[in-house]
Amino acid sequence: MDLELEGKAALVTGGSKGIGKAIARTLAEEGVDVAIAARTKETLDATAAELAAETGRRIIPIVCDTGSTPAVDAMVASAVEQLGRLDILVNNAARPGGGAGATPTLESTTDANFEEEMNTKVLGYLRCARAAAPHLKANGWGRIINISGMAARQSGTAIGSMRNVAVAALTKNLADELGPHGINVTVVHPGLTWTERMPDLMAHRASEQGISVEEATERAAQGNSVRRIIDASDIASVVAFLASPKSVAIHGDTIAAGGGVGRAIHY
């Protein structure tokens with residue numbers, strides 16, 4: 001299937017590694033020029049060079065902390081200036097959920113934890129959408145894809161659930177406002193996803209449980225219906241479709257991309 005993405009321009013936040021890097025790679029493979037943004041210049045530059053060599057597309061690194069409104073505004077302006085246009089925004093800059101360590105209790109959850117998570121993942125996504133929207137409106141077409149997480153659909157950590165539910169609420173509100181301008185807005189909920197940090201996470205779980213890394217990995221794979229850990233490239237394939245003109249029927253909606261996590265029925 002031709003996703004009709006050739007020649008479009010995208011901005012992917014949190015694009016230097018993990019799911020964001022996989023998304024940038026897949027979009028570039030589909031003919032998109034991509035600006036990737038993150039906070040660490042060295043990692044960004046290395047990723048941009050790697051993806052440009054792999055795909056032959058323009059990959060522009062932009063250092064940005066999406067927790068700052070001036071930084072976000074400058075990032076979007078730079079992306080538009082260097083790419084010549086902006087068609088697609090992928091909001092992905094956030095601290096990964098489901099890492100090693102104990103789940104915070106009510107007593108150990110601090111105001112600072114809440115403010116940091118919400119400022120980055122919720123207000124940060126809003127900042128990026130706000131800055132990008134005028135450029136997408138000028139095109140009369142655009143896509144905004146917000147990467148959230150399955151914590152929106154299950155308890156476990158209060159802040160993790162709240163930030164992801166908030167992203168889903170933001171998505172629907174943006175969709176209702178921007179849809180008449182030809183801009184589709186969607187949210188993707190990854191579950192446990194294989195990225196560069198996963199080997200260390202599996203080693204940590206193996207040590208805690210007194211089992212081999214291989215067994216820890218196999219146990220983790222039992223947490224969904226397909227019985228394998230979803231790879232970052234699998235998430236990227238979903239996002240590439242949502243970024244394309246082919247996805248026009250999906251708008252303001254949530255795509256769960258965890259390989260069948262949980263037994264709840266969503267309709």
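Residues numbered from 1 in each chain as written. Predicted model: local features only at pLDDT ≥ 70, side-chain atom pairs only at ≥ 80, totals over all residues. Heavy atoms only, no water.

Caption draft 1: Local environment of the pairing of strand S3 (residues 59-63). As paired elements, strand S2 (residues 33-38) and S3 share five bridges and run parallel to each other. Along S3, the bridge assignment pairs Val34 with Ile59. Handedness of the crossover joining S2 and S3 through helix H2 (residues 41-55) is recorded here as right-handed. (Pairing = 2+ DSSP bridges. Helix = DSSP H or I, 4+ residues; strand = E, 2+ residues; numbered from the N terminus. Right-handed = clockwise from strand over helix to strand, strands pointing away.)

Caption draft 2: Expanded view of the sheet that holds strand S5 (residues 142-147). Strand order in the open sheet formed by seven strands is S3-S2-S1-S4-S5-S6-S9, and the pairing between neighbours is parallel. Looking at strand neighbours, the two that pair on one side only are S3 and strand S9 (254-257), the edges of this open sheet. On average, adjacent strands in this sheet sit at an angle of 20° to one another, irrespective of strand direction. Set on the sheet, helix H1 (residues 18-29) makes contact with strand S1 (9-13), S2, S3, strand S4 (88-91), S5 and strand S6 (183-190); between it and S1 the angle comes to about 170°. (Axes fitted to C-alpha atoms, helices over the stretch in contact; angles between N-to-C directions. Contact = heavy atoms within 4.5 Å.)

Caption draft 3: Broad picture of the side chain of Ser247. Within the element layout of this structure, Ser247 appears in the loop between helix H8 (232-242) and S9. Here Leu242 takes part through its backbone oxygen, which lies 2.8 Å from a polar atom of the side chain of Ser247. Reaching out from Ser247, the side chain makes a polar contact with the backbone oxygen of Ser244 at a distance of 2.9 Å. Not counting chain neighbours up to four residues away, the residues in contact with Ser247 comprise Arg143, Asn184, Phe241 and Leu242. (Polar contact = N/O pair within 3.5 Å; in protein donor to acceptor, adjacent residues only side chain to side chain.)

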